[in-house]
Amino acid sequence: MWDSGGKRYLDFSGSAAVNLIGHGVQEISVAMAEQAKQLEFVHTSQFTTPVAEEYARELIEFAGENFRGGAVYFTCGGSESVETALKLARQYHVEIGRGKRHQVLSRTQSYHGSTLGAVSVSGNKRRREIYLPMVREFAHVGIPYCYRCNYDCTDGCRNCGQEYAAELENAIESANGEAAAFIFEPVSGATLGAVVPPPGYLQKIAEVCRRHGVLLIADEVMTGMGRTGRNFAVEHSSDEHGDVAPDILIAAKGLSSGYAPLGAVLASRKVVEAIASGIFLHGFTYNAHPVSLAAGRAVLNFLKRHKLVQAADSERDQTVGAALERSLATLLDLNSVGDVRGIGLLRGVEFVSDKDSKRPFDPNLNFASRVTAAAIKRGLLVYPIQGCVDGVAGDHLLIAPPAIITAEQIDWAVGQLAEAIGEAASSK
């Protein structure tokens, strides 16, 4: 991208992990213009539209067998989608005669959006603390974070994953039959910086939820639509013990790759059939906006045609996903870098003041923002966050480039980032 002064920037964070197909793809704007010529807007209480029906079918197919026979509810973004999913979970239980169930459990050190309902199920301390008097609080359970694990990680973290899953089961049992759903990020987003769950963890929480009749909500706002090298990140956890099959899946960000405000809630057949006899008491003026849907449909077709999901797959040789993993690993040679983690084109770089003790920088230094400022001077855009250790301390960056990035651009960007880290460390 270029700013108004003509300075060039490489977008190494995908504009907050939004853009996957690259900026300025003309066919997306053409599709939006064509839709606007035919019909710019119609309220969903009066009509559905061909673009909504066709795109919903394509998105259900993209989501795979688990959502066959399900439905899609389109919104204008991630926070609206989370609000929709929370209400959908509540109404599901009401419709099947479980009106007592209303609690939505979630995890500490998570982020699900900025609206009050989304804030209530988020664990990002900085973004929620002043609003706490305004929200309804339910249980937040621990989240696997192998770099700073609360349990024994000597077995490659499989055991600690089971321990964290046991925290969820305890919270469900403590809810005394009032737990309606559990919402989680399959790979953590900005709050923890691309922490990948340990083996067996997602399968275990899915099993716990099924056993207790609790809906499983996968928040794939940041991880979905190919960002991690699978259509959706929950697919990474499929193994010989079976798939992780969410009842509700939330998508946004990469859904339109930033070309238009767009989010989606995918509901499984089970959820749809339960509510089909009633009316979903929910809605936004601009949900299923035809021009936004035209953008999303064009983006989906583009990423499938250009095999961008495969390009993001870091488990395949010769992909940009693998190139990003290799290049970022070199940052571990720096004294200020404690951990480099993630999967596909969603990566985190955590900073420490001491590697041996993993001691974070003093929050007042705002080290991640210092690195970001130094990177911007070099024409590199990254995404800084604080609070990964305890909600206040702990600095890291989120790296999430578009899938059309080249290996050469990756190496240049990591080189500039290394220089920026060095500059920030020398000036602290």
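Scroll up for the structure.
The notes below deal with the structure included here. (Residues numbered from 1 in each chain as written. Predicted model: local features only at pLDDT ≥ 70, side-chain atom pairs only at ≥ 80, totals over all residues. Heavy atoms only, no water.)

Quick notes on unusual backbone geometry
Positive phi outside glycine occurs at Ala 16, with the angle close to 65 degrees. Mapping Ala 16 onto the fold places it in helix 1 (residues 14-17). Among the residues examined, Ala 16 registers a relative accessible area of 26% and is labelled partly exposed. (Helix = DSSP H or I, 4+ residues; strand = E, 2+ residues; numbered from the N terminus. Buried < 20%, exposed > 50% of the residue type's maximum accessible area, 1.4 Å probe, protein only.)

A closer look at the sheet that holds strand 5 (residues 179-184)
Strand order in the open sheet formed by seven strands is 2-8-7-6-5-3-4, with mixed pairing between adjacent strands. Strands with a single pairing partner mark the edges of an open sheet, and in this sheet they are strand 2 (71-75) and strand 4 (140-141). Judged from the five bridges that link them, strand 2 and strand 8 (residues 263-267) form a sheet pairing that is antiparallel. The residue bridging Thr 75 from the neighbouring strand is Gly 263, located in strand 8. Across the sheet, helix 3 (residues 50-63) lies against strand 2 and strand 8, angled at about 115 degrees from strand 2, the strand it touches most. (Pairing = 2+ DSSP bridges. Contact = heavy atoms within 4.5 Å. Axes fitted to C-alpha atoms, helices over the stretch in contact; angles between N-to-C directions.)

Focus: the sheet that holds strand 10 (residues 346-351)
Taken together, four strands build an open sheet; the order of strands is 9-10-13-12 and the sheet is antiparallel. This sheet does not close on itself; its edge strands, each paired only once, are strand 9 (337-343) and strand 12 (383-386). Within this sheet the neighbouring strands show an average axis-to-axis angle of 20 degrees, counted without direction. In terms of strand pairing, strand 9 meets strand 10 through six bridges, oriented antiparallel. The residue of strand 10 that forms the bridge with Gly 342 is Arg 347.

Remarks on helix 13 (residues 367-377)
Among the residues of helix 13, Phe 367, Ala 368, Val 371, Thr 372, Ala 374 and Ala 375 are the ones counted as buried. For helix 13, the angular spread of buried residues about the axis comes to 165 degrees, placing them on one side. Its buried side turned inward, helix 13 meets strand 10, strand 11 (380-381), strand 12, strand 13 (395-399) and helix 14 (407-426). In the stretch just after helix 13, Gly 379 is the one whose phi turns positive, near 80 degrees. (Arc of directions from axis to C-beta.)

Focus on the side chain of Asp 313
Here Asp 313 shows up in the loop between helix 11 (308-312) and helix 12 (320-329). Those residues within four positions of Asp 313 in sequence are excluded, and the remaining contacts are Gly 229, Arg 230, Thr 319, Gly 321 and Ala 322.

Considerations on a nonpolar patch on the surface
Together, Leu 116, Ile 130, Tyr 131 and Met 134 give the surface a local cluster of nonpolar side chains, amounting to about 420 Å² of exposed area. Looking at where Met 134 falls in the secondary structure, it is placed in the loop between helix 6 (125-128) and strand 4. The exposed category is assigned to Met 134, whose relative accessible area is 55%. (Patch = residues over 30% accessible without salt bridge, like charges linked within 9 Å, V, L, I, M, F, W, Y side chains within 5 Å. Areas by Shrake-Rupley, 256 points an atom, 1.4 Å probe, with all protein chains shown as cover. Salt bridge = Lys/Arg side-chain N within 4 Å of Asp/Glu carboxyl O.)

So, the packing of helix 3 against helix 10 (residues 290-305)
Packing of helix 3 against helix 10 leaves a shortest axis separation of 10 Å and a crossing angle of 35 degrees. In this structure, helix 3 meets helix 10 at a crossing whose hand is left-handed. Between helix 3, through Val 51, Ala 52, Glu 54, Tyr 55, Glu 58, Leu 59 and Phe 62, and helix 10, the contact on the second element is made entirely by Pro 290, Leu 293, Ala 294, Gly 296, Arg 297, Leu 300, Asn 301, Leu 303 and Lys 304. A breakdown of the residues in the contact of helix 3 with helix 10 according to their chemical character gives ten nonpolar, two polar and four charged. (Left-handed = near helix turned anticlockwise from the far one by under 90°. Nonpolar A, V, L, I, M, F, W, Y, C, P; charged D, E, K, R; others polar.)

Quick word on empty space enclosed by the protein
Rolling a probe over the atoms, with the probe sized like a water molecule, indicates the empty space that remains. If you walk through the whole model with that rule in mind, you get three cavities of 30 Å³ or more. Taken as a whole, the largest cavity encloses approximately 50 Å³ of empty space. Together, Arg 107, Ile 143, Pro 144, Glu 185, Pro 186, Val 187, Ser 188, Val 195, Pro 197, Tyr 201 and Leu 202 line the largest cavity. Of the residues assigned to the lining of the largest cavity, the class counts are eight nonpolar, one polar and two charged. (1 Å grid on protein atoms, 1.4 Å probe; cavity = no way out; pocket = protein on both sides within 12 Å on 5 of 7 lines; lining within 4 Å. Points joined across faces, edges and corners; volume = space filled by probe spheres on them.)

Section: the packing of aromatic side chains
Inspection of every chain in the model, using the stated rule, returns seven aromatic pairs. Measuring from centroid to centroid gives 4.0 Å for Phe 361 and Phe 367, while their planes differ by 10 degrees, and the two rings are stacked. Like Phe 361, the residue Phe 367 is buried in the burial classification. Among the aromatic residues, those joined into a cluster by ring pairs are Phe 351, Phe 361 and Phe 367. One cation-aromatic arrangement involves Arg 127 over Tyr 111; the distance from NZ or CZ to the ring centre is 4.6 Å. In this structure, Lys 358 packs its charged tip against the face of Tyr 147, placed 4.4 Å from the ring centre. (Phe/Tyr/Trp six-rings, centres within 6.5 Å; stacked < 30°, edge-to-face > 60°. Lys NZ or Arg CZ within 6 Å of the ring centre and 35° of its normal.)

What about the pairing of strand 6 (residues 215-219)?
Of all five residues making up strand 6, five are buried, and the element is well covered by its neighbours. Of the two faces of strand 6, the one carrying Leu 215, Ile 217 and Asp 219 and the one carrying Leu 216 and Ala 218 are both buried. In this sheet, strand 6 lies alongside strand 5 in parallel orientation, the contact comprising four bridges. Within the sheet, the bridge partner assigned to Phe 182 lies in strand 6 and is Leu 216. Taking the sense of rotation as the criterion, the β-α-β connection linking strand 5, helix 8 (residues 201-212) and strand 6 turns out right-handed. Taken together, the three bridges between strand 6 and strand 7 (residues 248-251) define a ladder with parallel strand orientation. (Right-handed = clockwise from strand over helix to strand, strands pointing away.)

Considering the layout of surface pockets
One number sums up the size of the largest pocket: a volume of about 620 Å³. Along the wall of the largest pocket there are 24 residues; nearest its centre are Ala 71, Val 72, Tyr 73, Phe 74 and Phe 280. For the lining of the largest pocket, the secondary-structure elements that each account for two or more residues are helix 3, strand 2, strand 8 and helix 9 (269-275). The dominant element in the lining of the largest pocket, judged by the number of residues it contributes, is strand 2, at four residues.

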